[in-house]
Amino acid sequence: MYRSAMSDSIELQHLAEDDGDEVLRFEQPKQRCRKYPYLGLVLAALSAMFFSLCSAIVKWMSDVNPVALAAYRFIGVLLPTIPILIHQQRPCFPKGKRIMLILRSFTGTTALMLSFYAFRHMPLSDASVIVFSVPVFTSIFARMFLKEPCGWFNVFSVIVTLIGVVLITRPPMIFGNTIASLGDNGQAPEIWGAVAAFSSTLFGANAFVILRALKDVHFSVIMTNFGTFALFQCLIVAYFIGALCLPACGLDRYLIVALAVFSFLGQILLTIALQLEQAGPVAIARSTDIIYAFIWQVLFFEEVPNRFSIIGSILVMSSVILTGLRKWVLTLPFDAPARRRLRFIAKE
């Protein structure tokens, strides 16, 4: 979810993460504080941990529909944003941007609901890998709608990612009956979970492309519209499918609070990380989300991934890391040694 080039002057930049939210980046001057040179990367990794815990909570709370959980989650997104909007004295629904704001809210909300469904009905690590591949597909949609360049590297990353997704899902039409696919263990919803995860990736990539078109709109305006629209969309969907409910007393309600708190902490840490470090390295650090997902899957759910899931995850994670690395290389001066050594990855 990132731009190809950044200036060293102070500016605002909107970035999207694997769950559809915005983060606000304040680009720092050239003379940055280097007292803690890896602090931004550490905070990004901690952010990934909190977001992965949110995924684990969604999977754990099997008695509450994922759409209802998404509604509770968006309450946590909306409430802290309203005071910021009031303080900034920004128009809530600016003219000329209304359709784009609605489209951004719809795509982001749909992406999150689909990802929650995937977390519930797939192995946590497999769902996280597919959902986290959003940055790889963003370049394709940016080329289609914003006419941004899309070279061989982007095409290669998409192909590698798709191969990884195929290995994770193992569709019978490709693997036949010799290898167990998702759903062969008696859990047919896993197939629909895989469909939801991949669909979430496509919606999430489009949400970020729309965010690029809204780069001159203050983040509080986008977040307020997003949170409001998302909350109503989730409530309406939950009502019509009969999933609107208040979790039972006890652990479930504590987990609901934890879901909101972890989402907030993950967002704040990611924001600070992007203030301290460039987007490319932060994207690489955020890929630890996949590692956390494997840990929670084994620790909390006692599900050991098979070799195809591991290989597919490695392919997808490699594409995400290389995409982040490329974004970092493109921010370097043309005469920088690192850019010369990695010039092959910066070619269009």
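Structure shown above.
Residues numbered from 1 in each chain as written. Predicted model: local features only at pLDDT ≥ 70, side-chain atom pairs only at ≥ 80, totals over all residues. Heavy atoms only, no water.

### Some points on the packing of helix 3 (residues 98-121) against helix 4 (residues 124-131)
Packed helices, taken two at a time, are described by their axes: the angle between them and the distance between them.
Okay, step 1: Close contact between helix 3 and helix 4 brings their axes to 7 Å; oriented N to C, the two are set at 155 degrees. Taken together, the axis directions place helix 3 and helix 4 in an arrangement best described as roughly antiparallel. Along this stretch, helix 3 crosses helix 4, giving a crossing that reads as right-handed. Between helix 3 and helix 4, the residues in contact are S115, A118 and F119 and L124, A127, S128 and V131, respectively.
Okay, step 2: Its residues assigned to classes, the contact of helix 3 with helix 4 comprises five nonpolar, two polar and no charged. (Axes fitted to C-alpha atoms, helices over the stretch in contact; angles between N-to-C directions. Helix = DSSP H or I, 4+ residues; strand = E, 2+ residues; numbered from the N terminus. Parallel < 35°, antiparallel > 145°, perpendicular 65-115°, else oblique. Left-handed = near helix turned anticlockwise from the far one by under 90°. Contact = heavy atoms within 4.5 Å. Nonpolar A, V, L, I, M, F, W, Y, C, P; charged D, E, K, R; others polar.)

### Re a nonpolar patch on the surface
Okay, step 1: On the surface, L39, V257, V261, F264, L265, I268, I272 and L276 cluster together into a nonpolar patch covering about 600 Å² of accessible area.
Okay, step 2: Looking at the nonpolar patch, the element that brings in the most residues is helix 10 (residues 251-276), giving seven residues.
Okay, step 3: With respect to the helices and strands, the residue L39 is situated in helix 1 (residues 39-60). (Patch = residues over 30% accessible without salt bridge, like charges linked within 9 Å, V, L, I, M, F, W, Y side chains within 5 Å. Areas by Shrake-Rupley, 256 points an atom, 1.4 Å probe, with all protein chains shown as cover. Salt bridge = Lys/Arg side-chain N within 4 Å of Asp/Glu carboxyl O.)

### So, the nonpolar core
Okay, step 1: Judged by nonpolar contacts, the single largest core of 71 residues is most densely connected at M61, L69, F74, F116, M122, L124 and C234.
Okay, step 2: Sequence-distant contacts of L69, that is, excluding residues within four places in its chain, are made with V58, M61, V64, F116, R120, I256 and L259.
Okay, step 3: Core analysis: the second largest hydrophobic core is formed by nine residues, I210, L211, L214 and V221 among them. (Core = buried A, V, L, I, M, F, W, Y, C linked by side-chain atoms within 4.5 Å. Buried < 20%, exposed > 50% of the residue type's maximum accessible area, 1.4 Å probe, protein only.)

### Section: the packing of helix 3 against helix 9 (residues 219-240)
Okay, step 1: Viewed as axis vectors pointing N to C, helix 3 and helix 9 meet at an angle of 55 degrees, and their least axial separation amounts to 9 Å. As summarised for this structure, helix 3 and helix 9 are arranged oblique, according to the angle between their axes. Our pair here, helix 3 against helix 9, has a crossing hand that is right-handed. Residues L101, I102, R104, S105, F106, G108, T109, T110 and M113 of helix 3 form the contact with helix 9, whose participating residues are V221, I222, N225, F226, F229, A230, Q233, C234 and V237.
Okay, step 2: Broken down by class, the residue content of the contact of helix 3 with helix 9 amounts to 11 nonpolar, six polar and one charged.

### Considerations on unusual backbone geometry
With the exception of glycine, most residues fall at negative phi, and the peptide bonds are largely trans.
Okay, step 1: Phi is positive for Q89, close to 55 degrees, though the residue is something other than glycine.
Okay, step 2: Examined against the element boundaries, Q89 turns out to sit in the loop between helix 2 (66-88) and helix 3.
Okay, step 3: Residue classification places Q89 among the exposed residues on the basis of a relative accessible area of 71%.

### Description of the side chain of S47
Okay, step 1: One can find S47 in helix 1.
Okay, step 2: Relative accessible area serves as the criterion here: at 0%, S47 is assigned to the buried category.
Okay, step 3: Not counting residues up to four positions away in its chain, the partners in contact with S47 are G266, L269, L270 and R286.

### Looking at helix 6 (residues 152-169)
Three- or four-residue spacings in an α-helix give side chains the same orientation, since the helix completes a turn every 3.6 residues.
Okay, step 1: With 18 residues, helix 6 ought to run about 26 Å at 1.5 Å a step, and its terminal C-alpha atoms sit 26 Å apart, in line with that.
Okay, step 2: Taken residue by residue, helix 6 has F153, N154, S157, V158, V160, T161, G164, V165, L167, I168 and T169 as its buried positions.
Okay, step 3: The positive-phi residue at the C-terminal boundary of helix 6 is R170, with phi of around 50 degrees. (Expected span 1.5 Å × (residues − 1).)

### Comments concerning the packing of aromatic side chains
Okay, step 1: Applying the stated criterion across every chain, the model contains eight aromatic pairs.
Okay, step 2: Aromatic side chains F74 and F226 sit 5.3 Å apart centroid to centroid with 80 degrees between the ring planes, which places their arrangement in the edge-to-face category. With F74 in helix 2 and F226 in helix 9, this residue pair connects regions lying 152 residues apart in the sequence. As far as the burial class goes, F74 and F226 line up, both buried.
Okay, step 3: The ring of F74 carries R73 above its face, with NZ or CZ at 5.9 Å from the centroid.
Okay, step 4: The aromatic ring of F226 is capped on one face by R104, whose charged end is 4.0 Å from the ring centroid. (Phe/Tyr/Trp six-rings, centres within 6.5 Å; stacked < 30°, edge-to-face > 60°. Lys NZ or Arg CZ within 6 Å of the ring centre and 35° of its normal.)

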